[in-house]
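Observations on chain architecture
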Amino acid sequence: MHPPPPDQVDLGEVLLRAPSPEDAEALFTATSRDLGHLGPWMAWATPEANTLEARAAFIDECRAKTTAGQEAHYLVVDPADGRVLGACGLHDRISDEGIEIGYWLASAAIGHGLMTRILATLTDVALACEDITRVEVHCNAANAPSNGVPRRLGFTLERVEDTEVTAPAESGRTQIWVRTDPVGLEPG
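Residues numbered from 1 in each chain as written. Predicted model: local features only at pLDDT ≥ 70, side-chain atom pairs only at ≥ 80, totals over all residues. Heavy atoms only, no water.

Describing the overall build of the protein chain
The number of helices and strands found in the protein chain is 5 helices and 8 strands. Helices and strands appear in the protein chain in the N-to-C order β-β-α-α-α-β-β-β-α-β-α-β-β. A compact globule built from 188 residues should have a C-alpha radius of gyration of about 16 Å, and the protein chain, at 16 Å, falls within 12% of that. The C-alpha extent of the protein chain, read off along each of the three principal axes, is 35 × 35 × 30 Å. (Helix = DSSP H or I, 4+ residues; strand = E, 2+ residues; numbered from the N terminus. Rg over C-alpha atoms; globule rule 2.2 N^0.38 Å.)

Here it is as structure tokens:
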């Protein structure tokens with residue numbers, strides 16, 4: 001991605017910042033606290049798969065992809081106390097001109113429009129890269145709260161695909177939401 005996305009984005013109420021190896025324990029604490037919330041939708045959100053070692057390996061993988069210029073990964077951090085509230089990223093999964101945005105947010109942080117502001121910001125960050133002309137969000141069709149985020153931001157539901165079920169609440173249908181122009185939502 002050129003120019004590369006910033007390492008940090010300050011949204012006021014939260015900070016999006018690239019993870020560091022020192023974040024493994026805080027990320028593990030956040031995911032462990034919310035396995036009941038994340039587990040229905042995330043295959044890695046089980047007591048067996050969600051270990052400190054797995055979160056450290058995840059951070060290492062994120063950092064390697066970011067260093068290679070392929071992706072950008074962020075922790076969603078409360079600037080007041082440094083707590084990890086979620087994670088999001090720009091993922092090189094779809095095409096040379098497109099980027100997929102993935103996200104999750106802790107249950108304590110949902111319901112306040114925070115992920116809507118984060119997705120708007122990441123969409124604008126991605127589309128500011130000269131080689132990115134398309135942003136996609138892939139959400140399981142059964143996950144109404146997650147699908148509501150791109151809908152609120154004017155993404156277009158381009159298609160619904162049959163996909164493998166990897167987590168208990170998934171329907172086997174994934175909605176592909178697309179946006180090709182910046183959102184322009186002001187932070188805060």
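That was the structure; now back to the text.
Structural notes on the pattern of salt bridges
Using the criterion set out here, one finds 12 salt bridges in the structure. With its nearest N and O atoms 3.3 Å apart, the salt bridge here joins D181 to R179. (Salt bridge = Lys/Arg side-chain N within 4 Å of Asp/Glu carboxyl O.)

Observations concerning the environment of T121
For T121, the position within the fold is in helix α4 (residues 114-127). Classification of T121 by relative accessible area gives buried; the value is 12%. Each C-alpha atom, one on T121 and one on G89, is 11 Å from the other, the two residues being 32 residues apart in sequence. In contact with T121, other than residues within four places in its own chain, are V9 and L11. (Buried < 20%, exposed > 50% of the residue type's maximum accessible area, 1.4 Å probe, protein only. Contact = heavy atoms within 4.5 Å.)

Section: the nonpolar core
L16, Y103 and I118 are the most contacted members of the largest nonpolar core, which has 33 residues in total. For this core, the secondary structure elements donating two or more residues are β3 (72-77), β4 (84-91), β5 (98-105), α4 and β6 (134-140). Counting residues per element, this core draws most heavily on α4, at 9 residues. Apart from residues lying up to four places away in sequence, I118 is in contact with L11, V14, L16, V76 and C88. (Core = buried A, V, L, I, M, F, W, Y, C linked by side-chain atoms within 4.5 Å.)

Brief notes about the packing of helix α1 (residues 24-33) against helix α3 (residues 52-67)
In a packed pair of helices, the relevant descriptors are the angle between the two axes and the axis-to-axis distance. It is the contact of α1 with α3, at a shortest axis distance of 9 Å, that shows an interaxial angle of 120 degrees. Overall, the two elements α1 and α3 adopt an arrangement that is oblique. Remark: the crossing between α1 and α3 carries right-handed chirality. Packed against α1, whose contacting residues are A24, E25, L27, F28 and T31, the element α3 presents L52, R55, A56, F58 and I59 at the interface. (Axes fitted to C-alpha atoms, helices over the stretch in contact; angles between N-to-C directions. Parallel < 35°, antiparallel > 145°, perpendicular 65-115°, else oblique. Left-handed = near helix turned anticlockwise from the far one by under 90°.)

Quick look at the environment of G154
Relative to the elements of secondary structure, G154 occurs in the loop between α5 (144-152) and β7 (156-162). Taking the C-alpha atoms as reference points, G154 and T123, separated by 31 residues in sequence, lie 11 Å from one another.

Quick notes on the pairing of β6
Taking burial as the measure, the 7 residues of β6 include 5 buried ones, the bulk of the element. Bridge analysis of β5 against β6 gives 3 bridges, and the strand direction is parallel. When the sheet's bridge partners are listed, I99 is paired in β6 with V135. For the segment spanning β5, α4 and β6, crossover handedness is right-handed. The pairing of β6 with strand β8 (residues 173-179) spans 6 bridges and is antiparallel. Directly across from C139, in β8, lies its bridge partner Q175. (Pairing = 2+ DSSP bridges. Right-handed = clockwise from strand over helix to strand, strands pointing away.)

Side note on the sheet that holds strand β2 (residues 15-17)
Pairing is mixed across the open sheet formed by 8 strands, whose spatial order is β1-β2-β3-β4-β5-β6-β8-β7. Single-partner strands in this sheet number two, and they are β1 (8-10) and β7. Between one strand axis and the next, the sheet turns through 25 degrees on average, direction left out of account. Here β1 pairs with β2 via 3 bridges, running antiparallel. Each residue of the ladder has a partner; that of V9, found in β2, is L16. Along the sheet, α4 contacts β1, β2, β3, β4, β5, β6 and β8; its crossing angle with β5, the most-contacted strand, is approximately 160 degrees.

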